[in-house]
Amino acid sequence: MRYIEPHGHMVSRTTDDYRAMVTAGCAAVCEPAFWAGYDRSSVDGFRDYFRQLTRFEPARAAKYGLPHYSWICLNPKEAEDLVLARDVVAIIPEFLSEPNVLGIGEIGLNRNTRNEVTAFEWHVELAIRHSQLILVHTPHLEDKLKGTRLILDLLCAHREIDPARVIIDHVEEHTIRQVLDRGFWAGITLYPESKSSPPRAVDMLELCGRDRIWLNSACDWGVSDPLAVPKTALEMRRRGYTDDFVDAVLFRNPRQFLSQCPKFQLPGHDAT
Ligand SMILES: [Zn+2]
């Protein structure tokens, strides 16, 4: 079996996780910039993190033969300090030419505040200016529906944005259709306690089809499972889906989206 982990916060994970992912068939891992669990206090704190995402972590993954890609941004949880946010957005272009950077992400909204919207817009404008792919985080629980609508409206207000180059992540049953209907890609996140479970993810595939959808573990420093994606293949097989279906959802779909950035390469995997 082969799969891509399109959303993993590997700086928070152990070498055992890398080994287990590669053993399970992981062909590439992609790491969006994220909240560290505490607010960084300066632009230099972000610069160090972006260096970690573009230099150290790819080298660590390479020890296990795993290609590692990154997305760069200031995450919505740290967008309330707009002075700091503006200064962080200003240094992002320094990193967009790094060989493992795929685009801007995971941007989005957390509590749907005015300042979060402002920082979101700055990132979208940056992505347009530099022709970058965009990865969007949608809010948790009760804020998700409203936040997703707001994000889609904000993105659709930019005529330069091609929805096929934007993935809206952490969709759930009540948000997936509007994301797909408006031409965007949708990411389903598999968490042990919240977001989606493997059975719910496969239910969504059965209701919405398998096109323009990827699955991810979004593993980080909290309760999460770096093997959640390959484990979902078990649920697919239990329901009688073929190896081709599993490969399409877990490998070919994310490859199709990510390959829109020419830097995304999978040595050893042919184009089929
Ligand atoms: Zn994330």
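The structure displayed is predicted, hence computed values, not measured ones.

Draft legend 1. Main features of the overall build of the chain. Helices and strands together make up the secondary structure of the chain, namely 10 helices and 8 strands. Oriented by its inertia axes, the alpha-carbon framework of the chain measures out at about 50 × 40 × 35 Å. Here the chain, with 272 residues, has 43% of them falling under the buried criterion. Look at the contacts in the chain between residues 6 or more apart in sequence, and 73% of them connect residues 24 or more apart.

Draft legend 2. The arrangement of helix H8 (residues 198–208) in detail. Taken together, the buried positions of H8 are Ala201, Val202, Met204 and Leu205. Relative to the axis of H8, the buried residues are bounded by an arc of 155° and lie together on one face. Facing away from the buried side of H8 by over 90 degrees, the exposed positions are Pro199, Glu206 and Leu207. Looking at the residues trailing H8, positive phi occurs at Gly209, about 85°.

Draft legend 3. Inspection of the nonpolar core at higher detail. If you look at the biggest cluster of nonpolar residues, it comprises 70 residues, and the most contacted ones within it are Ile72, Ile134, Ile168 and Ala186. Here this core gets 6 residues from one element, more than from any other, and that element is helix H5 (residues 114–129). In contact with Ile72, other than residues within four places in its own chain, are Ala33, Phe50, Leu53, Ile92, Phe95, Leu96, Val101 and Ile104.

Draft legend 4. Structural detail: the pairing of strand E7 (residues 185–189). In terms of burial, E7 is a largely internal element, 5 of the 5 residues being buried. Burial along E7 is two-sided: Trp185, Gly187 and Thr189 facing one way and Ala186 and Ile188 facing the other are all buried. Here strand E6 (residues 166–169) runs beside E7; their pairing, made up of 2 bridges, is parallel. Opposite Ile168, over in E7, you have Ala186 as the bridge partner. What joins E6 to E7 is helix H7 (residues 176–181), and the crossover it makes is right-handed. Where E7 lies against strand E8 (residues 213–216), 4 bridges are found, and the strand directions are parallel. Paired with Ile188 across the bridge in E8 is Leu215. With H8 bridging E7 and its parallel neighbour E8, the resulting β-α-β unit is right-handed.

Draft legend 5. Spotlight on the sheet that holds strand E3 (residues 68–72). Spatially, the 8 strands line up as an open sheet ordered E1-E2-E3-E4-E5-E6-E7-E8, and their pairing is parallel. Among the strands making up the open sheet, the edge pair consists of strand E1 (3–5) and E8. Within this sheet the neighbouring strands show an average axis-to-axis angle of 25°, counted without direction. Its contacts with the sheet put helix H2 (residues 43–62) on strand E2 (26–32), E3 and strand E4 (101–108), and the angle it makes with E3 is roughly 170°.

Draft legend 6. Structural view of the packing of helix H3 (residues 82–91) against H5. Orientation of H3 relative to H5, taken along the N-to-C sense of each, is 10°, at an axis distance of 11 Å. On the basis of the axis angle, H3 is roughly parallel to H5. The residues of H5 that touch H3, namely those facing Leu82, Ala85 and Val89, are Asn115, Thr118, Ala119, Trp122, His123 and Leu126. A per-class count over the contact of H3 with H5 returns 6 nonpolar, 3 polar and no charged.

Draft legend 7. The arrangement of unusual backbone geometry in detail. In this structure, Glu106 follows Gly105 across a cis peptide bond, with omega equal to -10°. Among the structural elements, Glu106 can be located in strand E4. Despite not being glycine, Asn112 has its phi angle at roughly 60°, a positive value. Residue class for Asn112 comes out partly exposed when judged on the 18 C-beta atoms lying within 10 Å of it. The backbone phi angle of His170 is positive, close to 65°, even though this residue is not glycine. Within the element layout of this structure, His170 appears in the loop between E6 and H7. For His170, a count of 26 C-beta atoms within 10 Å puts it in the buried group.

Parameters and conventions
- Along each chain, numbering runs from 1 in the same order as the chain's sequence is written.
- Thresholds applied to this predicted model are a pLDDT of at least 70 for local features of residues and 80 or more for the giving and counting of side-chain atom pairs; totals over whole chains, interfaces and linings are not thresholded and use all residues.
- In DSSP terms, a helix is any run of H or I states spanning at least four residues, a strand is any run of E spanning at least two, and both are numbered starting from the N terminus.
- The burial criterion counts other C-beta atoms lying within 10 Å of a residue's C-beta, which is placed from the backbone; the residue is buried at 20 or more, exposed at 12 or fewer, and partly exposed between these limits.
- This entry defines residue contacts through backbone-placed C-beta atoms, with two residues in contact when those atoms are within 7 Å.
- Directions are taken from the helix axis to each C-beta atom, and the arc is the one they span.
- By convention in this section, buried Ala, Val, Leu, Ile, Met, Phe, Trp, Tyr and Cys residues joined through C-beta atoms within 7 Å make up a nonpolar core.
- At least two DSSP bridges between two strands are required for those strands to pair.
- Seen with its strands pointing away from the viewer, a crossover is right-handed when the path leading from the first strand over the helix to the second is clockwise.
- As a rule, the C-alpha atoms of each element are fitted with a line to give its axis, helices using only the stretch in contact, and angles between N-to-C directions run from 0 to 180 degrees.
- Orientation categories follow fixed angle ranges, with anything under 35 degrees roughly parallel, anything over 145 roughly antiparallel, 65 to 115 roughly perpendicular, and all other angles oblique.
- For this scheme, ten residues count as nonpolar: Ala, Val, Leu, Ile, Met, Phe, Trp, Tyr, Cys and Pro. Four count as charged, namely Asp, Glu, Lys and Arg, and the remainder, Gly too, count as polar.

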